[in-house]
Amino acid sequence: RWWTQTPKPWLERHLSAARSDPAIDHLFVFMHHPMYSTVMAELDSGECTQPVRIEYEELFAQYDVTMVFSGHVHSYDRFHVPDDQTPTRTDQPPASYLMEGQDIHYIVTGGGGGPLTNGCDPFPLRQELSYEYSQARGCFYHLLLVAVEGQTIEITVWRVEGDAVEYEAQMVDQFLVEAVR
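Fair warning: this is a prediction, and the values are worked out from it, not measured in the lab.

A. Spotlight on the sheet that holds strand E1 (residues 28-30). A sheet is described by the order of its strands in space; here five strands give the open sequence E1-E2-E5-E3-E6, paired in mixed fashion. Looking at strand neighbours, the two that pair on one side only are E1 and strand E6 (134-138), the edges of this open sheet. Across the sheet, the mean angle separating the axes of adjacent strands is 10 degrees when strand polarity is ignored. Helix H2 (residues 50-62) contacts E1, strand E2 (67-70), strand E3 (76-81) and strand E5 (104-109) of the sheet and is inclined by roughly 130 degrees relative to E5.

B. Summary view of the nonpolar core. With 24 residues, the main nonpolar core has Leu 15, Met 31, Met 35, Phe 60, Val 68 and Tyr 106 as its most contacted residues. Among the secondary structure elements, those contributing two or more residues to this core are helix H1 (8-20), H2, E3 and E5. Here this core takes four residues from H2, the largest share from any one element. Counting 14 residues, the second largest nonpolar core, distinct from the first, contains Met 99, Ile 107, Ala 136 and Phe 140.

C. How the structure looks around the packing of aromatic side chains. Scanning the entire structure with this criterion turns up eight aromatic pairs. When the centroid spacing of 4.8 Å and the interplanar angle of 50 degrees are considered together, the rings of Tyr 36 and Tyr 106 count as tilted. With Tyr 36 in the loop between E1 and H2 and Tyr 106 in strand E5, this pair connects stretches of sequence that are 70 residues apart. Neither residue differs from the other here; Tyr 36 and Tyr 106 are each classed as buried. Relative to Tyr 133, the ring of Tyr 36 lies with its centre 5.9 Å away and its plane at 80 degrees, an arrangement referred to as edge-to-face. Taken as a pair, Tyr 36 in the loop between E1 and H2 and Tyr 133 in the loop between E5 and E6 lie far apart in primary sequence, 97 residues in all. Across the pair, Tyr 133 and Tyr 36 agree in class, each one buried. For the cation-ring pair, Arg 53 lies above Tyr 36, with the distance from its terminal atom to the ring centre recorded as 4.7 Å. The ring of Phe 175 has Arg 78 sitting right over it, with the charged end atom 4.0 Å from the ring centre.

D. How the structure looks around the state of the cysteines. Enumeration according to the criterion identifies one disulfide in this entry. Across the disulfide, Cys 120 is cross-linked to Cys 139 (sulfur-sulfur distance 1.7 Å). Looking along the S-S bond of the Cys 120-Cys 139 disulfide, the torsion reads about -65 degrees, which is the left-handed sense. Of this pair, Cys 120 sits in the loop between E5 and E6 while Cys 139 sits in the loop between E6 and strand E7 (142-149), and the two are 19 residues apart along the sequence. Across this residue pair, the class does not change: Cys 120 and Cys 139 are buried.

E. Inspection of the pattern of salt bridges at higher detail. Under the counting rule described, the total for this entry stands at five salt bridges. The salt bridge partner of Asp 173 is Arg 78, with a shortest N-O separation of 2.7 Å. A residue pair is termed long-range when its members are at least 10 positions apart, and Asp 173 in strand E9 (residues 167-179) and Arg 78 in strand E3 qualify at 95 residues. Taken individually, Asp 173 and Arg 78 each receive the classification buried, so the pair is uniform in this respect. In this structure, Glu 161 and Arg 159 form a salt bridge, with 2.9 Å as the shortest nitrogen-oxygen distance.

F. Here's a closer look at H2. Between its terminal C-alpha atoms H2 stretches 18 Å, which fits the 18 Å expected from 13 residues at 1.5 Å a residue. The largest bend in H2 is about 40 degrees, located at Tyr 56. By the burial criterion, the buried members of H2 are Pro 51, Val 52, Arg 53, Tyr 56, Glu 57, Leu 59 and Phe 60. Buried residues in H2 make contact with H1, E1, E2, E3 and E5. Trailing H2 by a residue or two, Asp 64 shows a phi angle of about 55 degrees, which is positive.

Definitions and cut-offs
- The written sequence of each chain sets the order in which its residues are numbered from 1.
- Given that this is a predicted model, residues contribute local features only at a pLDDT of at least 70 and side-chain atom pairs are listed and counted only at 80 or more, while totals for whole chains, interfaces and linings are drawn from all residues.
- To get the side-chain values, all heavy atoms of the structure are used, and hydrogens and water are removed first.
- Two strands qualify as a pair provided that DSSP identifies no fewer than 2 bridges between them.
- A run of DSSP states H or I qualifies as a helix once it reaches four residues; a run of E qualifies as a strand once it reaches two. Both are numbered from the N-terminal end.
- In this description, a line fitted to the C-alpha atoms serves as the axis of each element, helices being fitted only across the stretch in contact, and the angle between N-to-C directions of two axes falls anywhere from 0 to 180 degrees.
- Should any heavy atoms of two residues lie within 4.5 Å, those residues are counted as being in contact.
- Working definition of a nonpolar core: buried Ala, Val, Leu, Ile, Met, Phe, Trp, Tyr and Cys residues. They are joined through side-chain atoms within 4.5 Å.
- Between buried and exposed lies partly exposed: a residue is buried under 20% and exposed over 50% of the maximum accessible area for its type, with that area taken using a 1.4 Å probe on protein chains only.
- Stacked, tilted and edge-to-face are the three classes assigned to paired rings of Phe, Tyr and Trp, where Trp is represented by its six-membered ring and a pair needs centres within 6.5 Å; plane angles under 30 degrees give stacked, over 60 edge-to-face, the rest tilted.
- Our definition puts a charge over a ring when NZ of Lys or CZ of Arg is within 6 Å of the ring centre and also within 35 degrees of the ring normal.
- To count as a disulfide, a pair of cysteine sulfur atoms needs to be within 2.5 Å.
- We define a salt bridge as a contact between a side-chain nitrogen of Lys or Arg and a carboxyl oxygen of Asp or Glu at a distance within 4 Å.
- Each residue after the first adds 1.5 Å to the expected span of a helix.
- Consider a residue and the seven residues that end there alongside the seven that start there; fitting an axis to each set, the bend is the angle between those axes.

Here is the structure:
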C-alpha cells in the first residue's frame, strides 16, 4: 500500500535508538496518512486507515511512542489509544493525561490550507473503531502549538480564520500529556 512505504527496519532502528537514549522523554512520529480518523473509513483497502495501522501500530507500541502526528485529512482529530485498547471516548475528554504505559496519542492536523474535508457542512462522523478513541475533532483551518518541558507536553490548537495578512486565531482545544518513567 502506498501509504506504508517507510521501510520498517529503518523506522525500527531509529525508534530503538531514541528509546534507548535516557535523555529522551518522548517519542514523536510524523507521517502523512492517519492511523485513526473520524472521517476516513476503517477498511483494509483503498484510502483508509487500517492498512497504515496494521503496518505501524504494533511497532509504535513496542517502542512506547508518545504521539503520532499526521495530516492527509483536512480537519482536526485527536485520539487517545491505551495499550489495553479500552475505549476512551467521552463527551468531556480530560484536560490532562498521565502516560504510564504505552498509551499513544494520535493527532490529525490537516487543516493547514487545502480545501476542508467535505466543505465541513455537514462534517461527517464515522462511528467505527477510531470513534471509540476520539477525544476532540473539528473541521476548520488550524495550527498546533506543541510545548515540551521535561516530562510534560502541552498541546494547544488554534483555529485560524482570515488570510495571510488579516486573520484571527482562537484557541479551540488544549490538553496536557505527562510521561511517567
